[in-house]
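Close look at the chain arrangement
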Amino acid sequence: MTVKVRFAPSPTGRLHVGNVRTALINWLFAKGQGGQFVLRIDDTDLERSTKEYEDGIKEDLSWLGLEWDDTFKQSDRFAEYDKATEKLKADGLLYACYETSEELDRKRKIALSRGRPPVYDRAGLNLTEEEKAAFEAEGRKPHWRFKLSGNPCEWTDLVRGPQSIDTSSISDPVLIRADGSYLYTLPSVVDDIDANITHVVRGEDHVTNSGAQIEIFKALGGTTPQMAHTPLLIGADGQGLSKRLGSLSIQQLGQDGIEPVAIASLLAKIGTSDAVELRDDLQTLASEFSFDKIGRAPARFDEKELLGLNAEITHGLSFEDVKTRLEELPMGDQANEAFWTLVSENLQKVSEAAIWLPVFFGDISKPELEGDDASFIAGAAAHLPEGEVTEDTWKEWTNALKEATGRKGKQLFMPLRLALTGQSHGPQMNKVIALLGREKLLARLS
Ligand code: GLU
């Protein structure tokens, strides 16, 4: 059996860390098994879906390196869904219901007040032809529900183990709305059958859907794929991420200077028995992937951890790796290997080089020096050793300053760092002054 999975986003927004994790797990599993990864665009909601989001989702996936072997959109396949609908109707498994949402609401409240679960009472199933005709004459349009078996629906989930959903405890799901539009439930099953999907891998918020969908697979005569439902992501604070997902879009993280492989490494490892560690590429992550490693507890997504991995990557990048990216920053065309070697150790992101480019290749605004720091700096140039400024100059210079002023430690070094770089932290000062050169150094002390 060749593994074939699908990632099925709705094009109603860009990808965020939550849905990218689902995409990644699908991709890693498929590629680890020599299988195929299909991108399905779930755009049956024609009002909320846009071409821009569809393109954006593809851009996000490509940027992460999650290339797909095939892609299609649901909006091209309405004829197939209509065919499945006819079959279900003919088999008595799809029935018309005429309740308004207010009426359904009332039924739910009554059930709850009587201590019963708010499961749909199947009134639609028992309507006579006359009753239906009367509703139609009132101008009501039916919505359509799938008739669940009422039996337990069982499967062995690749993450959750043996599962049993008692279908008598859930409402017959609406597959088609009164306006004739499809909810996601039926098209997804039709597509999974037609595309020969072998594994459905998605978030655990879909577990109950799976109970209904497995019955629809059977009703349509298809082979039910294996199922894997992964625990959801939570933030470092233990709270759900839903409110913050906007700022955790892949596009935003990319614009913020996060490297794709940092995101992939983190999302592949959190919530698993593997340590969260940086990997060089997706292939390595794929070779290490196994559903057995995924735990049942929510996976913690910690932005600090992401930044830590990103820093690790940044430190390992060579000047050649970043040259073109530096060129996009102001003064970045002047950057050279010595500059990158010096500053990269202090960066968490390549884009932070923007802070250091003007320090070495342009001007900095004069820092505010407190108290007698200003006079200390004004007198510092007089003690600078003659000749070319090298990495050895710093020691000689600061020794001389120490002797002349009695300053030591932070008192000695901090005003110099501030005056010369405009920053209170950064690379080693002996290297900083060597790269700055005598002329810039003297100019900043004056
Ligand atoms: N479009 C659905 C979603 O984003 C797909 C779920 C699935 O993978 O079946 O939730």
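Below you will find a few notes about this structure. In this numbering scheme, every chain counts its residues from 1 along its sequence in written order. Given that the model is predicted, a residue must reach a pLDDT of at least 70 before its local features are reported, and side-chain atom pairs must reach 80 or more before they are shown or counted; all residues, however, enter totals for whole chains, interfaces and linings. For side-chain calculations, the full set of non-hydrogen atoms in the structure is used, while hydrogens and water are omitted.

1. A short note on the packing of helix 13 (residues 337–344) against helix 18 (residues 429–445)
Helix-helix packing is described using two parameters, namely the angle between the two axes and the distance between the axes. Interhelical geometry of helix 13 versus helix 18 gives an angle of 155 degrees and a closest axis separation of 11 Å. Between helix 13 and helix 18, the angle is such that the two are roughly antiparallel. Where helix 13 crosses over helix 18, the two elements pack in a sense that is left-handed. Contacts between helix 13 and helix 18 involve A338, F339 and L342 from the former and K431, V432 and L435 from the latter. In the scheme used here, Gly and all other residues not listed as nonpolar or charged are polar, with Ala, Val, Leu, Ile, Met, Phe, Trp, Tyr, Cys and Pro taken as nonpolar and Asp, Glu, Lys and Arg as charged. Classifying every residue of the contact of helix 13 with helix 18 gives 5 nonpolar, no polar and 1 charged. Orientation is described by axes fitted as lines to C-alpha atoms, over the contacting stretch for helices, and by angles from 0 to 180 degrees between their N-to-C directions. Helix and strand definitions follow DSSP, with helices as H or I runs of at least four residues and strands as E runs of at least two, each counted in order from the N terminus. Under this scheme an angle from 65 to 115 degrees is roughly perpendicular, one under 35 degrees roughly parallel, and one over 145 degrees roughly antiparallel; angles in between are oblique. For any pair of crossing helices, the crossing counts as left-handed if the nearer helix is rotated counterclockwise from the farther one by less than a right angle, and right-handed if it is rotated clockwise. Contacts are assigned to residue pairs that have any heavy atoms within 4.5 Å of one another.

2. Re the packing of aromatic side chains
Here a pair means two rings of Phe, Tyr or Trp (six-membered ring of Trp) with centres within 6.5 Å. Their orientation is stacked below 30 degrees between planes, edge-to-face above 60, and tilted elsewhere. Per the stated rule, a full pass over the model turns up 11 aromatic pairs. Taking 5.1 Å as the distance between ring centres and 15 degrees as the angle between the ring planes, the aromatic pair formed by Y98 and F135 counts as stacked. Residue Y98 is found in the loop between strand 4 (94–97) and helix 4 (101–113), and its partner F135 is found in helix 5 (residues 129–137); the two are separated by 37 residues along the sequence. On the basis of relative accessible area, Y98 is assigned to the buried category, the value being 5%. For the pair W394 and W397, a centre-to-centre distance of 6.0 Å together with 80 degrees between the ring planes defines the contact as edge-to-face. Of this pair, W394 and W397 both sit in helix 16 (residues 393–405), 3 residues apart, roughly one helical turn. An identical accessibility class is assigned to W394 and W397; each is buried. Grouping aromatic residues by their ring pairs yields a cluster made of F29, F289 and F291. Cation over ring: R145 sits above Y120, and NZ or CZ is 3.8 Å from the ring centre. Placement of a charge over a ring requires the Lys NZ or Arg CZ to be within 6 Å of the ring centre, with the centre-to-atom vector within 35 degrees of the ring normal. Over the ring of F376 we find R407; its NZ or CZ atom is 4.4 Å from the centre of that ring. Relative accessible area decides the class of each residue, using a 1.4 Å probe on protein chains only: under 20% of the type maximum gives buried, over 50% gives exposed, and in between gives partly exposed.

3. Description of helix 18
Side chains three or four residues apart in an α-helix point the same way, a direct result of the helix having 3.6 residues per turn. Here the expected length of a helix is defined as 1.5 Å per residue gap, with one fewer gap than residues. Here helix 18 is 17 residues long, yet its end C-alpha atoms lie only 15 Å apart, well below the 24 Å a rise of 1.5 Å per residue gives. For a residue, the bend is simply the angle between two axes, fitted respectively to the seven-residue segment ending there and the seven-residue segment starting there. The largest bend in helix 18 comes to about 105 degrees, at G437. Of all the positions in helix 18, only M429, N430, V432, I433, L436, G437, L441, R444 and L445 are classed as buried. Looking at the packing, one finds that the buried side of helix 18 touches helix 13, helix 14 (353–361), helix 15 (373–380), helix 16 and helix 17 (409–421).

4. Points about the packing of helix 1 (residues 17–32) against helix 9 (residues 260–269)
Look at helix 1 against helix 9: their axes get within 9 Å of each other, and the N-to-C directions meet at 80 degrees. Considering the angle they form, helix 1 stands roughly perpendicular to helix 9. Each of V17, V20, R21, L24 and L28 in helix 1 lies in contact with helix 9, whose residues at this interface are A264, L267 and A268.

5. A look at the nonpolar core
Residues enter a nonpolar core if they are buried and are Ala, Val, Leu, Ile, Met, Phe, Trp, Tyr or Cys, with the set joined through side-chain atoms within 4.5 Å. Core analysis: the biggest nonpolar cluster contains 86 residues, and V17, F301, W340, F360 and W397 have the highest contact counts within it. Counting residues per element, this core draws most heavily on helix 1, which supplies 9 residues. Once residues within four sequence positions are removed from consideration, V17 is found in contact with L233, L241, L245, L248, I250, L253, L267 and F301. Judged by nonpolar contacts, the second largest core, of 31 residues, contains L94, A96, V190 and A212.

6. Details of the site of the ligand
Residues are classed as near a molecule or strand on a simple rule: at least one heavy atom within 4 Å of it. Within the structure, the ligand sits among R6, A8, S10, D42, Y184, S188, R202 and H206. Within 3.5 Å is the distance limit for a polar contact, defined as a pair of N or O atoms, with the added protein rule that one can donate a hydrogen and the other accept it, and that residues adjacent in sequence qualify only through two side-chain atoms. The contact in question runs from a nitrogen atom of the ligand to an N or O atom on the backbone of A8, over 2.7 Å. Take H206: an N or O atom from its side chain is 2.9 Å from an oxygen atom of the ligand. Accessible surface area values rest on a Shrake-Rupley calculation with a 1.4 Å probe, where residue burial reflects the displayed protein chains alone. Bound to the protein, the ligand loses 78% of the 300 Å² it would expose on its own.

7. Digging into the sheet that holds strand 4
The strands making up a sheet associate through backbone hydrogen bonding, with each pair oriented either parallel or antiparallel. Note on pairing: two strands pair once DSSP finds at least 2 bridges between them. On the basis of which strands lie adjacent, the open sheet formed by 3 strands has the order 4-5-8 and antiparallel pairing. Sheet topology places strand 4 and strand 8 (174–176) at the edges, where each strand pairs with a single neighbour. Neighbour-to-neighbour, the strand axes of the sheet open up by a mean angle of 45 degrees, direction not taken into account. Here helix 3 (residues 78–90) sits on the sheet in contact with strand 4, strand 5 (143–146) and strand 8, set at roughly 90 degrees to strand 4.

8. Quick look at the pairing of strand 1 (residues 4–7)
Across the two faces of strand 1 the burial is the same, with K4 and R6 and V5 and F7 all buried. Direction of pairing for strand 1 relative to strand 2 (residues 36–41): parallel, over a ladder of 4 bridges. Bridging from a neighbouring strand, V5 pairs with F37 of strand 2. A clockwise course of the path from the first strand over the helix to the second, judged with the strands pointing away from the viewer, identifies a crossover as right-handed. Handedness of the strand 1-helix 1-strand 2 crossover: right-handed.

9. Some thoughts on the pattern of salt bridges
The salt bridge definition used is simple: a Lys or Arg side-chain nitrogen within 4 Å of an Asp or Glu carboxyl oxygen. Evaluated as defined, the whole model comprises 33 salt bridges. Taking the shortest distance from any N to any O, the salt bridge between R40 and D191 comes out at 3.9 Å. You can see R40 sitting in strand 2 and its partner D191 sitting in helix 6 (residues 185–194), a full 151 residues away along the chain. Like D191, R40 is buried. When the shortest N-O distance is used, the salt bridge between D55 and K51 registers 2.7 Å. Highlighted residues: D55 and K51, both in helix 2 (residues 51–64), separated by 4 residues, approximately one helical turn.

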